[in-house]
Structures are given as structure tokens and as C-alpha cells.
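Below, each chain spelled out in residue letters.
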Amino acid sequence: NAGVTQTPKFRVLKTGQSMTLLCAQDMNHEYMYWYRQDPGMGLRLIHYSVGEGTTAKGEVPDGYNVSRLKKQNFLLGLESAAPSQTSVYFCASSPLARLDYGYTFGSGTRLTVV
Amino acid sequence: KQEVTQIPAALSVPEGENLVLNCSFTDSAIYNLQWFRQDPGKGLTSLLLIQSSQREQTSGRLNASLDKSSGRSTLYIAASQPGDSATYLCAVRDPDKLIFGTGTRLQVFP
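To keep things clear, this report deals only with the structure shown in the data block. Every value quoted in this text rests on a predicted model; they were computed, and no experiment measured them.

**Focus: the overall build of chain A**
Scanning chain A from terminus to terminus reveals 0 helices and 11 strands. The secondary structure elements of chain A, listed N-terminal to C-terminal, are β-β-β-β-β-β-β-β-β-β-β. Taking 13 Å as the expected radius of gyration for a compact globule of 114 residues, we find that chain A reaches 13 Å, a close match to that expectation. Taking the principal axes of the C-alpha coordinates as reference, chain A spans close to 40 × 30 × 30 Å. For chain A, long-range pairs separated by at least 24 residues make up 56% of all intrachain contacts whose partners lie at least 6 apart in sequence. Accessible area for chain A stands at about 5400 Å²; split by element, carbon and sulfur atoms hold 52% of it.

Below you can see the structure in the form of C-alpha cells.
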């Protein structure tokens, strides 16, 4: 089925380790987003991209980097993981030309940093 | 800065009740508002999308309204069922971003 796919679904990291979360969409959407969800905090925007080769900071960007080398992929990197980055991470996408269009979300990546 | 608030934070009702979930936002300059459902440990499922020019949208037992001038939206669930138990999130869109409320956790008991 068409949609947004996140890899991996679960991961446990040790403090200081690095990793990359992959988001892939096959809907030809220009906009892509990374959110984190923590209990009682709702979903907060980490970084987003409005097109291939572009990235921008969201509400909580510190400790994360992103890249959008291909239109269909949006990578979220943690260079040196910290326990405060334990969270559920969601990727989403939306078409540029249709601001009246809703967002499509992936199923999430549950990350634990010990 | 846009802020989105959802009240109540949690709600527990008996099966069959009609109920209303509330969402308020501080900046009325939004493109649209979207209601999502999230089951425990799962992703987000889009329920309804209301454009800024619309007043309401309906899907089955769900009805969402939007009053931009007052910065409010409501999600009405008719004849609630245990299967409706989930967290309901509203989110408003400015041009580049979707901004979420913290959600209402709904439990419908038999």
C-alpha cells in the first residue's frame, strides 16, 4: 500500500551511540517531517523539509540532524544519543501544491536510549 | 506562536453516550485543521480534515466543526462505542507545519 514507511520500528541505543532513522514515502510528496512524541507533551516537530535538498528546524531540533538527498527519503540522525532522546518518532509527508491536503503519518519508531 | 490546546485531557464515558472533544488554537490564520486518532502504541490515523473556509466535516458517527474567528474546533462522536477508545489529537496547519495539541484520551466502557 502507498504511504509512509519508517525503519526501524524499535531500537535500543546506549548513551553516546549514533543511529539514523529512515523515512520513505511513495506518494511524490514535497513536504516531509520528523516529530517526536513524549507522554504529556503531544507531538513536537524536530525538523522538516519542503523539498529535495532542503531542510529546516522545527520546535526541538537540538541533538538531531536531517538530510533529504532524494525526494522520497528523509533521514533523521542522532550523532550522540542521550537518554532525553528516548521517545517515539513519527515521520509524515504532505504535498506542496495542495495546502488543503492532510498529512500522512508513518507507524513510528520507538527509540530507547539507556 | 501558534499554540493548540485540547480539553479535556482525559474522558471516560459509558457506551452509547454522545460526546464532544474540544480543541482551541491561538492564531486564527490557519490553512486547515485535522483530527487524528491514535491507539496505544500505534501511529496516527486521520479522521477528518477541515479546510479554513469550511465550517464542518462529517464521517460516519464523527462530526468536526471549525470556528476560525474564535479559534475553536470540536469533534462530536455520536453513540460512542468501546472501539472508540483511543487518544484523539487535533492539529492546525500553518503554511509549512502541522502543530499538535496534547490530545484527549477517551475511554468508552461497556
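Back to the write-up after that little detour.
**Examining the interface of chain B and chain A**
Contacts between chain B and chain A engage 21 residues on the former and 25 residues on the latter. In this assembly, chain B packs against chain A so that about 1600 Å² is buried in total across both faces, 54% of it on carbon and sulfur atoms. The tally of links between chain B and chain A comes to 0 salt bridges. Taken together, chain B and chain A are joined by 5 residue pairs in polar contact (both at pLDDT 80 or more). Of all the secondary structure elements, the ones that give two or more residues to the side of chain B that touches chain A are strand E4 (32-38), strand E5 (44-51), strand E9 (86-93) and strand E10 (98-100) of chain B. The element best represented in the side of chain B that touches chain A is E4(B), accounting for 4 residues. Counted by class, the side of chain B that touches chain A contains 8 nonpolar, 8 polar and 5 charged residues.

**Brief notes about the pattern of salt bridges**
Residues and elements named next belong to chain A. Evaluation of the coordinates by the stated rule reveals 5 salt bridges over all chains. Ionic pairing is found between Lys-71 and Glu-30, a salt bridge with its closest N-O pair at 3.6 Å. In this pair, Lys-71 sits in the loop between strand E7 (65-67) and strand E8 (73-78) while Glu-30 sits in the loop between strand E3 (19-25) and strand E4 (31-38), placing the two residues 41 residues apart along the sequence. Lys-71 gets classed as partly exposed once you look at its relative accessible area, which sits at 21%. For Glu-30, a relative accessible area of 23% corresponds to the partly exposed category.

**What to know about the state of the cysteines**
All names here are of chain B. Taken as a whole and assessed by the stated rule, the structure comprises 2 disulfides over all chains. Across a sulfur-sulfur distance of 2.0 Å, Cys-23 and Cys-90 are joined as a disulfide pair. When the S-S torsion is 70°, as for the bridge of Cys-23 with Cys-90, the disulfide is right-handed. In this pair, Cys-23 sits in strand E3 (residues 19-25) while Cys-90 sits in strand E9, placing the two residues 67 residues apart along the sequence.

**Some remarks on the pairing of E3(B)**
All names here are of chain B. Going residue by residue along E3, you find Leu-19, Leu-21, Cys-23 and Phe-25 tucked away on one face and Val-20, Asn-22 and Ser-24 left uncovered on the opposite face. With 6 bridges joining them, E3 and strand E8 (residues 72-77) adopt antiparallel strand pairing. Note on E8: the bridge partner recorded for Leu-21 is Leu-75.

Definitions and cut-offs
- Residues numbered from 1 in each chain as written.
- Chains lettered and ligands numbered in written order.
- Predicted model: local features only at pLDDT ≥ 70, side-chain atom pairs only at ≥ 80, totals over all residues.
- Heavy atoms only, no water.
- Helix = DSSP H or I, 4+ residues; strand = E, 2+ residues; numbered from the N terminus.
- Rg over C-alpha atoms; globule rule 2.2 N^0.38 Å.
- Contact = heavy atoms within 4.5 Å.
- Areas by Shrake-Rupley, 256 points an atom, 1.4 Å probe, with all protein chains shown as cover.
- Buried area = accessible area lost by both parts, 1.4 Å probe.
- Salt bridge = Lys/Arg side-chain N within 4 Å of Asp/Glu carboxyl O.
- Polar contact = N/O pair within 3.5 Å; in protein donor to acceptor, adjacent residues only side chain to side chain.
- Nonpolar A, V, L, I, M, F, W, Y, C, P; charged D, E, K, R; others polar.
- Buried < 20%, exposed > 50% of the residue type's maximum accessible area, 1.4 Å probe, protein only.
- Disulfide = S-S within 2.5 Å.
- Pairing = 2+ DSSP bridges.

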